[in-house]
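Topology and contacts: notes
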Amino acid sequence: MGNQPMIVLSEESQRTSGKDAQSMNITAGKAVAESVRTTLGPKGMDKMLVDSSGGVVVTNDGVTILKEMDIDHPAANMIVEVSETQEDEVGDGTTTAVVIAGELLDQAEELLDSDVHATTIAQGYRQAAEKAKETLEDKAIDVSADDRDTLEKIASTAMTGKGAESARDRLAELVVDAVLAVRDDDGSIDTDNVSVETVVGGNIGNSELVEGVIVDKERVNENMPYMVEDANVALYDGALEVKETEIDAEVNVTDPDQLQQFLDQEEKQLRQMVDQLKDAGADVVFVGDGIDDMAQHYLAQEGILAVRRAKDSDLKRLARSTGARVVASLDDIESDDLGFAGSVGQKDIGGDERIFVEDVEDAKSVTLILRGGTEHVVDEVERAVDDSLGVVRTTLDDGQVLPGGGAPEAELALELRDFADSVGGREQLAVEAFADALEVIPRTLAENAGLDPIDSLVDLRSQHDGGAFGAGLDAYTGDIIDMESEGVVEPLRVKTQAIESATEAAVMILRIDDVIAAGDLKGGGSDDGGDEEMPPGGGGGMGGMGGMGGMGGAM
């Protein structure tokens, strides 16, 4: 071959390797974390995100920000996945997870510059993460489903600083009521059974919980009753219409009487369907498909309130709420298939007419009505309530909580520095770096509250050195207080999942020493400020975050 270089990649391919690749990926991950860092805590700021069509989202919810941002860089997307995993598993703590991941990468960069191998750092990080989870599980506080006061505090903490603060105590009560209502006898909870409806108008304090289901439909005929008390509810997953023939057929009518007989037969079939519902004792019927005009007329005659084209999800929620069974054929419907609701009626809510199914005996499906002055306000309140529902569910599942305000991170930093002494080799440096990285949470809480982060961190360390596990930073006063006694608590799994996801993402990024792209990674937008921090050799790859850089300017 002589000394001829062998070209394996195509001309369009782009390759970055060694320290350049590591530096490029680390910078991308850090940029993502930095973009949401100012939103952390009760005094975190909001971001305004404007999409290509001019749609505006105003939020400080970490996962929402990262989903809305136009991020192309593959390493940056790994950090975004951290927030999505956190959201799916727990429902809260997305910003915390991303900020920790970014700080782990920042600490690792310093170790790499000191010639500590990436594999060594990865090993040390994994050991530190395991030790951190063990420590948190040992120090967690037990809580039961009967401890309503603690559950409300957990719900309130999850909403702090998220646009719902003015009425968070009221919303926390509603959230706890909703989760406890849909809890099954075996203790399992599916928050999908809590439907959230947003209404523009009024204020957040006007929000309410309906122990039942709200269906975004109206009664099909004006002659049907608006309201039915003590209603027997039928759920039919079909159509109140004459079935079409499944084969091509041609009917020749030679006499007007024959046509009349044909129409009479159709009416008779429709009448029979309505009679079947009436004989079963139905006062209200929700139909999954259409309802013929003649069937509507007969239903109205019998005083039966009917709703057509109800979604499958609505039928399932109605079945859970009223105790009815969804039937596929009216030939088999009996009184045992019907459910019960104390009240079914059509009401106006925010200018829209909807069907309310309320006053059920044991509501296993409920609806939260959230109100706010503008569309942006109710959207942000909805995001806060979603987080709150997630943490209350997680608390009831696990039965363990931790104090907030940066207390767990400060305690872990202390414990991990002691643990590092027992770790041999260069992994000790990685464990110490992990401990330093966790302190980014109390430090950021202080920065976002306008406090001196160094003073706050020194005071926090001093309290934890003295054995005060619950000591955390009060972002409103700047004092170090006992978070547990103040009621600032969050589920254990919020922290363990955040540490686990952040560690895995950081380790994965650190272990990449070669980036081979099939095409050019430059995604455009490099003049927007997204590439300013690029190290030599890393600018081309990072250009893919051009969309993010442009968004960054708006933040």
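That block above? That's the structure.
What this report covers is the structure whose coordinates are included nearby. (Residues numbered from 1 in each chain as written. Predicted model: local features only at pLDDT ≥ 70, side-chain atom pairs only at ≥ 80, totals over all residues. Heavy atoms only, no water.)

**Re the overall build of the protein chain**
Counted only if it meets this: Here a strand is any run of E in DSSP of at least two residues, a helix any run of H or I of at least four, and the numbering for each starts at the N terminus. Using a 1.4 Å probe on the protein chains alone, a residue whose accessible area is under 20% of its type maximum counts as buried, one over 50% counts as exposed, and one in between counts as partly exposed. In this description, contact between two residues means that some pair of their heavy atoms is separated by no more than 4.5 Å. Every accessible area reported is derived by Shrake-Rupley at a probe size of 1.4 Å, with residue values counting cover from the shown protein chains alone.
Within the protein chain one finds 19 helices and 19 strands. Looking at the 555 residues of the protein chain, the share that counts as buried comes to 52%. At a minimum sequence separation of 6, the contacts of the protein chain that also span at least 24 residues come to 75%. When the accessible area of the protein chain is evaluated, it comes to approximately 25,100 Å², of which 42% is carbon and sulfur surface.

**So, the packing of helix α5 (residues 118-139) against helix α13 (residues 427-438)**
Which entries qualify depends on this criterion: Axis definition: a line fitted to C-alpha atoms, over the contacting stretch in the case of helices. Angles run 0 to 180 degrees between N-to-C directions. Here the angle decides the label: under 35 degrees means roughly parallel, over 145 means roughly antiparallel, 65 to 115 means roughly perpendicular, and every other value means oblique. A crossing counts as left-handed when the near helix is turned anticlockwise from the far one by less than a right angle, and as right-handed when that turn is clockwise. Gly is placed with the polar residues, together with every amino acid not listed as nonpolar (Ala, Val, Leu, Ile, Met, Phe, Trp, Tyr, Cys and Pro) or charged (Asp, Glu, Lys and Arg).
At a minimum axis distance of 8 Å, the contact between α5 and α13 shows a crossing angle of 55°. Comparing their axes, α13 and α5 come out oblique. Here the hand of the crossing between α5 and α13 comes out right-handed. Judged by residue contacts, T120, I121, Q123, G124, Y125, Q127, A128 and A129 of α5 engage E427, A430, V431, A433 and F434 from α13. For the contact of α5 with α13, the class distribution of residues is eight nonpolar, four polar and one charged.

**Some thoughts on the sheet that holds strand β5 (residues 194-200)**
Rule in force here: In this scheme, strands are said to pair when DSSP sees at least two bridges between them.
Sheet architecture is open: three strands sit in the order β5-β14-β6, paired in mixed fashion. Each having just a single partner strand, β5 and β6 (208-210) make up the two edges of the open sheet. If you compare each strand with its neighbour and ignore which way they point, the axes differ by 25° on average. Two strands pair when backbone bridges link them, and β6 and strand β14 (residues 366-372) are joined in this way by three bridges, in the antiparallel orientation.

**Here's the deal with the side chain of S83**
Mapped onto the secondary structure, S83 falls in helix α3 (residues 74-89). Excluding its chain neighbours within four sequence positions, the residues that come into contact with S83 are V63, L66, T94 and V98.

**Considering the sheet that holds strand β4 (residues 141-142)**
The strand order across the open sheet built from three strands is β4-β15-β18, with neighbouring strands paired in antiparallel fashion. Taken across any chain shown, the strands that pair with only one partner, and hence form the sheet edges, are β4 and β18 (489-491). Where β4 lies against strand β15 (residues 400-403), two bridges are found, and the strand directions are antiparallel. The residue bridging D142 from the neighbouring strand is Q400, located in β15. Against the sheet, helix α6 (residues 148-159) makes contact with β15 and β18, and its axis sits at roughly 90° relative to β18, the strand it touches most.

**Notes on the layout of surface pockets**
Applied cut-off: We place a 1 Å grid over just the protein atoms. Points where a 1.4 Å probe fits but has no way out form a cavity, open points with protein on both sides within 12 Å along at least 5 of 7 lines form a pocket, and any residue with an atom within 4 Å of a point lines it. Grid points are joined across faces, edges and corners, and a volume is the space filled by probe spheres set on the points.
The volume enclosed by the largest pocket comes to roughly 900 Å³. The wall of the largest pocket is formed by 46 residues, among which P42, T157, A158, T160 and V488 lie closest to the centre. Every element with two or more residues in the lining of the largest pocket is listed here: α4 (94-113), α6, α7 (168-181), α11 (375-398), α14 (440-448), α16 (483-486) and α17 (492-510). No other element matches the seven residues that α6 contributes to the lining of the largest pocket. Considering only residue class, the lining of the largest pocket consists of 15 nonpolar, 16 polar and 15 charged.

**Notes on the packing of aromatic side chains**
Quick reminder of the rule: Aromatic contacts are taken between Phe, Tyr and Trp rings whose centres are within 6.5 Å, Trp giving its six-membered ring; a plane angle under 30 degrees counts as stacked, one over 60 as edge-to-face, and the others as tilted. Over a ring means this: the NZ of a Lys or the CZ of an Arg is within 6 Å of the ring centre and within 35 degrees of the ring normal.
Under the defined criterion, the tally for this structure stands at one aromatic pair. Each ring, one from Y125 and one from F434, has its centre 5.6 Å from the other, and the planes form 75°; the classification is edge-to-face. Taken as a pair, Y125 in helix α5 and F434 in helix α13 lie far apart in primary sequence, 309 residues in all. The pair formed by Y125 and F434 is uniform in burial state, with each residue classed as buried. A cation over a ring is seen here: R271 above Y298, with NZ or CZ 4.7 Å from the ring centre. Looking at K347, its charged tip hangs above the ring of F356, at a distance of 5.1 Å from the centre.

**Section: the packing of helix α1 (residues 18-37) against α3**
Here α1 crosses α3 at 40°, and the two axes come no closer than 8 Å. Compared by their axis directions, α1 and α3 come out oblique. Pair α1 / α3 crosses with right-handed handedness. On the side of α1, the interface is formed by N25, A28, G29 and V32, while α3 contributes A75, A76, I79 and V80. Here the contact of α1 with α3 is composed, by residue class, of six nonpolar, two polar and no charged.

**Describing a nonpolar patch on the surface**
The cut-off we apply is this: A patch is a set of surface residues, each over 30% in relative accessible area and not in a salt bridge, joined within 9 Å for like charges and within 5 Å for the nonpolar side chains Val, Leu, Ile, Met, Phe, Trp and Tyr. For this analysis, a salt bridge means a side-chain nitrogen from Lys or Arg found within 4 Å of a carboxyl oxygen belonging to Asp or Glu.
On the surface, a nonpolar cluster with roughly 230 Å² of combined accessible area is contributed by M48, V50 and V56. Here V50 is to be found in strand β2 (residues 47-50). A relative accessible area of 43% places V50 in the partly exposed class.

**Looking at the nonpolar core**
What counts here: Buried Ala, Val, Leu, Ile, Met, Phe, Trp, Tyr and Cys residues that are joined via side-chain atoms within 4.5 Å together make up what is termed a nonpolar core.
Of all hydrophobic cores here, the largest spans 71 residues; its most connected members are I121, Y125 and F434. The residues touching Y125, leaving out its near neighbours within four places in the chain, are L104, Q107, A108, A430, A433, F434, T503, V507 and L510. Membership of the second largest hydrophobic core comes to 57 residues, among which are A172, V357, V391 and L396.

**Examining empty space enclosed by the protein**
Following the criterion strictly, the structure yields one cavity of 30 Å³ or more and no others. Its boundaries defined by the atoms lining it, the largest cavity holds a volume of some 40 Å³. Those elements giving two or more residues to the lining of the largest cavity turn out to be α4, α12 (407-420) and α17.

**Some thoughts on α5**
Here is the rule: The span you would expect from a helix comes to 1.5 Å times its residue count less one.
For α5, which comprises 22 residues, the first-to-last C-alpha distance of 31 Å matches the rise-based estimate of 32 Å (1.5 Å per residue) to within 8%. For α5, the set of buried residues is A118, T120, I121, A122, G124, Y125, A128, A129, A132, K133, T135 and L136. Those residues of α5 that are buried are in contact with α1, α4, β15, α12, α13 and α17.

**Some details on α14**
Buried residues dominate α14, accounting for seven of its nine residues. Once α14 ends, the next one or two residues include G450, with phi positive near 80°.

**A few points about the environment of E415**
Position of E415 relative to the elements: it lies in helix α12. Residue contacts for E415: discarding those within four places in its chain leaves T135 and K139.

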